[in-house]
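The residues making up each chain are set out below.
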Amino acid sequence: VLELMDRTYTKKSFLKLAEKIKKTIPGVALSTDIIVGFSTETDAEFEDTVQVMEEVEFDFAYMFKYSQRKNTIAYRKYTDDVPEEVKKERIVRINELQRNIALKKSLADVGKTFEVLVEGEGKRVNQYMGRTDGNKIAVFAAGDYVKGDLIKVEVTEATANTLFATPLT
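I will try to describe carefully the structure that is included in this document.

What counts and how
Residues numbered from 1 in each chain as written. Predicted model: local features only at pLDDT ≥ 70, side-chain atom pairs only at ≥ 80, totals over all residues. Heavy atoms only, no water. Helix = DSSP H or I, 4+ residues; strand = E, 2+ residues; numbered from the N terminus. Rg over C-alpha atoms; globule rule 2.2 N^0.38 Å. Core = buried A, V, L, I, M, F, W, Y, C linked by side-chain atoms within 4.5 Å. Buried < 20%, exposed > 50% of the residue type's maximum accessible area, 1.4 Å probe, protein only. Contact = heavy atoms within 4.5 Å. Phe/Tyr/Trp six-rings, centres within 6.5 Å; stacked < 30°, edge-to-face > 60°. Axes fitted to C-alpha atoms, helices over the stretch in contact; angles between N-to-C directions. Parallel < 35°, antiparallel > 145°, perpendicular 65-115°, else oblique. Nonpolar A, V, L, I, M, F, W, Y, C, P; charged D, E, K, R; others polar.

**Details of the overall build of the protein**
Helix and strand counts for the protein come out as four helices and seven strands. Element order for the protein, N to C, with α for helix and β for strand: α-β-α-β-α-α-β-β-β-β-β. Expected size for 169 residues packed as a compact globule is a radius of gyration near 15 Å; at 19 Å, the protein overshoots this value by more than 25%. Its C-alpha atoms give the protein principal-axis dimensions of about 55 × 35 × 25 Å.

Okay, here's the thing in C-alpha cells:
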C-alpha cells in the first residue's frame, strides 16, 4: 500500500527512523497521518499499521478513512475496493488505540514540569491554556499572563488530550 501511495519508505525503514529520532532527542513528540482503507489494503497490511502505532507510540495521529478524490492519481489509477464497513471498523480501532496511547503518555507527564507557551484564556472561567513544546495542551489557573508568554507549569492531572497543571512562575 505504501508503494501504491507513492511513499518512498518501508515499514522497516520507518520504524528504524522513529527509533533513531527517539534515541537522538529523548522526550521528542512524534505525530503522523494515517489513512485506512486505501485501495487493495488487506487485513494484514492494516495490522502492520496497528503494529507501527503500537511500537512508535505517536503523541498525535491524524487519522482518516480513504475516500477517492477526483483529479488525483489514485482516482485515475485505482479502484476504491475496500468496503466502507471495513474502513469504519479500521478507523474506529486505530482511533481507540491512539486514544489509549495518548492517555498513557499524558499520565506519564503527571508530576513533570514543562515550559508552556500561553495561548490565552481556557474554556472555563479563571483558566488559561497553552502548549508544551511537544504540542500538548495544558490548562492552568488564570494569572497575570498574556498570549505569547512562556511559563513553567507542573502537571497535576491528565486526560488523553489535556494536561492539567499548576503554574510555577
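Let us keep going from here.
**Description of the nonpolar core**
Counting residues in hydrophobic clusters, the biggest one holds 17 residues, and the most contacted among them are I34, V36, M53, V56, F58, M63 and I94. Put simply, the parts of the chain that give this core at least two residues each are helix 1 (11–24), strand 1 (31–36), helix 2 (43–56), strand 2 (60–65) and helix 4 (84–108). Among the elements that make up this core, the one with the highest residue count is helix 2 (five residues). In this structure V56 touches F14, L15, A18, K22 and L30, once residues within four positions along its chain are discounted.

**Side note on the environment of G143**
Structurally, G143 is set in the loop between strand 5 (137–141) and strand 6 (150–158). Look at G143 and you get partly exposed, because its relative accessible area is 32%. With 24 residues separating them along the chain, G143 and P167 place their C-alpha atoms 8.6 Å apart.

**Structural notes on the packing of aromatic side chains**
On inspection of all chains with the given rule, the structure shows four aromatic pairs. Relative to Y66, the ring of F38 lies with its centre 4.7 Å away and its plane at 65°, an arrangement referred to as edge-to-face. Of the two residues, F38 is situated in the loop between strand 1 and helix 2 and Y66 in the loop between strand 2 and helix 3 (73–77); the sequence distance between them amounts to 28 residues. This pair shows no difference in class: F38 is buried, exactly as Y66 is. For the pair Y128 and Y145, a centre-to-centre distance of 5.7 Å together with 70° between the ring planes defines the contact as edge-to-face. Separated by 17 residues along the polypeptide, Y128 in strand 4 (residues 127–131) and Y145 in the loop between strand 5 and strand 6 bring together distant segments of the chain.

**Section: the side chain of T162**
On the secondary structure map, T162 appears in strand 7 (residues 162–167). Other than its neighbours up to four places away in sequence, T162 contacts I137, V139 and E157.

**Notes on the packing of helix 1 against helix 2**
When two helices pack together, you describe them by how their axes are tilted relative to each other and by the distance separating the axes. Contact geometry for helix 1 and helix 2: axes closest at 11 Å, N-to-C directions at 10°. The angle between the axes of helix 1 and helix 2 places the two elements in the roughly parallel class. Listed contacts from helix 2 to K11, F14, L15, A18 and K22 of helix 1 are D48, Q51, V52, E55 and V56. Classifying every residue of the contact of helix 1 with helix 2 gives five nonpolar, one polar and four charged.

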